[in-house]
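Results of the structural survey
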Amino acid sequence: MSSTSLVLTRFCLSAWVGAAVIFVINGVQDVTFQPFDSLVRDQLISLHFPVYYTIAWVLLAGSFLGCLGIRGKELISRRRANLILGLVVIALGISLIDYFWIYTPLEAMITPPGSPRPAEFRIYHQASKYINSVNILLSLIAAILASLPVQSQNKISEQK
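Note that the coordinates shown come from a computational prediction; the quantities given were computed from them, not determined experimentally.

Let us now look at the overall build of the chain. Looking only at helices and strands, one finds 5 helices and 0 strands in the chain. In the chain, the succession of α and β elements from N to C terminus is α-α-α-α-α. For the chain, the C-alpha radius of gyration of 19 Å lies well beyond 15 Å, the compact-globule estimate for 160 residues. Counting only residues that meet the buried cut, the chain has 36% of its 160 residues in that class. Within the chain, residue pairs in contact and separated by at least 24 positions form 77% of the contacts whose partners lie at least 6 positions apart. By element, 68% of the accessible surface of the chain is carried by carbon and sulfur atoms, the whole surface being about 9,300 Å². In the chain, 12 positive and 8 negative side-chain charges are present, and the distance between their average locations comes to 15 Å.

Pasting the structure below:
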C-alpha cells in the first residue's frame, strides 16, 4: 500500500507542477497576444482559470491522500514524509486562498468582459502572480523530495 501511495504522491505532484507551468506559459501568451483585444483576453481568463484551479485541487488532493499513505511507513523516513505532507497542505491551502480571496475578486473586476479595470486590479493581479509562484515552488520542492530514492529492502532489514 505504501508504494502505491508513493507513486500517487509522485505522479500528482509532478503532474501538477507540469500542468501549472504549461498553463502559465500558454496563459501568458494568450493575454499578451497583441491581436486579442481586452474583451477576448477577459473571456480567456474567465474560461481558463477555473480549469487551472480545478486541476490544482484534484492533483494536490491526490498528493495529500498519497502522503497520508506514506506517513509512518518504512519506505521513506518519517521526517521526509511529514515534510512532503506539510508542503502539500500549504500548497493546497494557498490555492484555496488564492481562488477565494484573489481570483474571485479579479474575475469580478473583468466582468462583463472588456469593461474598464478598477485601480485595485493591478494589486490583485500582482498578488495572484506571487502566490501562484509560491504554490508551484512548494509543489516542485515536494515533488523533488517525493522523487528521491527510497530505502532499499536490504537497508530496512539491516535497521531492524
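Now that the structure is up, let's keep going.
To continue, consider the pattern of salt bridges. All told, the structure shown has 1 salt bridge when counted by the stated rule. Two residues, Arg117 and Asp42, come together in a salt bridge whose shortest N-O distance is 2.3 Å. Placement of the pair is Arg117 in the loop between α3 (78-109) and α4 (120-147) and Asp42 in helix α2 (residues 38-70), with a sequence separation of 75 residues.

What follows concerns the environment of Leu137. Within the secondary structure, Leu137 sits in helix α4. Among the residues examined, Leu137 registers a relative accessible area of 48% and is labelled partly exposed. For Leu137 and Gly27, which are 110 residues apart along the polypeptide, the C-alpha to C-alpha distance reads 18 Å.

With that out of the way, let us pick up the side chain of Ser139. Structurally, Ser139 can be placed in helix α4. With a relative accessible area of 1%, Ser139 lands in the buried category. In contact with Ser139, other than residues within four places in its own chain, are Leu13, Trp16, Val17, Leu60 and Ala91.

Moving on: the environment of Gln151. Tracing the backbone through its elements, the reader meets Gln151 in the loop between α4 and α5 (153-159). Note on Gln151: relative accessible area 27%, which makes it partly exposed. The spatial distance from the C-alpha of Gln151 to the C-alpha of Ser95 is 32 Å, given a sequence separation of 56 residues.

Turning to unusual backbone geometry, a few remarks are in order. A cis geometry characterises the amide bond from Thr111 onward to Pro112, with omega recorded as 0°. Relative to the helices and strands, Pro112 is located in the loop between α3 and α4.

This part takes up the nonpolar core. Ranked by internal contacts, the top residues of the largest apolar core, which has 38 residues, are Leu13, Trp16, Tyr52 and Ile84. Broken down by secondary-structure element, the contributors of at least two residues to this core are α1 (2-32), α2, α3 and α4. The element best represented in this core is α3, accounting for 12 residues. In this structure Leu13 touches Leu60, Ser63, Ile84, Val88, Ser139, Ala142, Ala143 and Ala146, once residues within four positions along its chain are discounted.

Summed over all chains, the structure comprises 14 aromatic pairs. Relative to Phe49, the ring of Phe23 lies with its centre 5.2 Å away and its plane at 80°, an arrangement referred to as edge-to-face. Of this pair, Phe23 sits in helix α1 while Phe49 is found in helix α2, placing the two residues 26 residues apart along the sequence. Arranged with centres 5.1 Å apart and planes meeting at 70°, the rings of Tyr53 and Tyr99 form a pair that is edge-to-face. Here the residue Tyr53 occupies a position in helix α2, and Tyr99 occupies one in helix α3, the gap between them amounting to 46 residues. Overall, the relative accessible area of 1% leaves Tyr53 in the buried class. Linked through ring pairs, Trp16, Phe23, Phe49, Tyr52, Tyr53, Trp57, Tyr99, Phe100 and Tyr103 together constitute an aromatic cluster.

Basis of the calculations
- Residues numbered from 1 in each chain as written.
- Predicted model: local features only at pLDDT ≥ 70, side-chain atom pairs only at ≥ 80, totals over all residues.
- Heavy atoms only, no water.
- Helix = DSSP H or I, 4+ residues; strand = E, 2+ residues; numbered from the N terminus.
- Rg over C-alpha atoms; globule rule 2.2 N^0.38 Å.
- Buried < 20%, exposed > 50% of the residue type's maximum accessible area, 1.4 Å probe, protein only.
- Contact = heavy atoms within 4.5 Å.
- Areas by Shrake-Rupley, 256 points an atom, 1.4 Å probe, with all protein chains shown as cover.
- Lys, Arg positive; Asp, Glu negative; His and termini not counted.
- Charge placed at Lys NZ, Arg CZ, Asp CG, Glu CD.
- Salt bridge = Lys/Arg side-chain N within 4 Å of Asp/Glu carboxyl O.
- Core = buried A, V, L, I, M, F, W, Y, C linked by side-chain atoms within 4.5 Å.
- Phe/Tyr/Trp six-rings, centres within 6.5 Å; stacked < 30°, edge-to-face > 60°.

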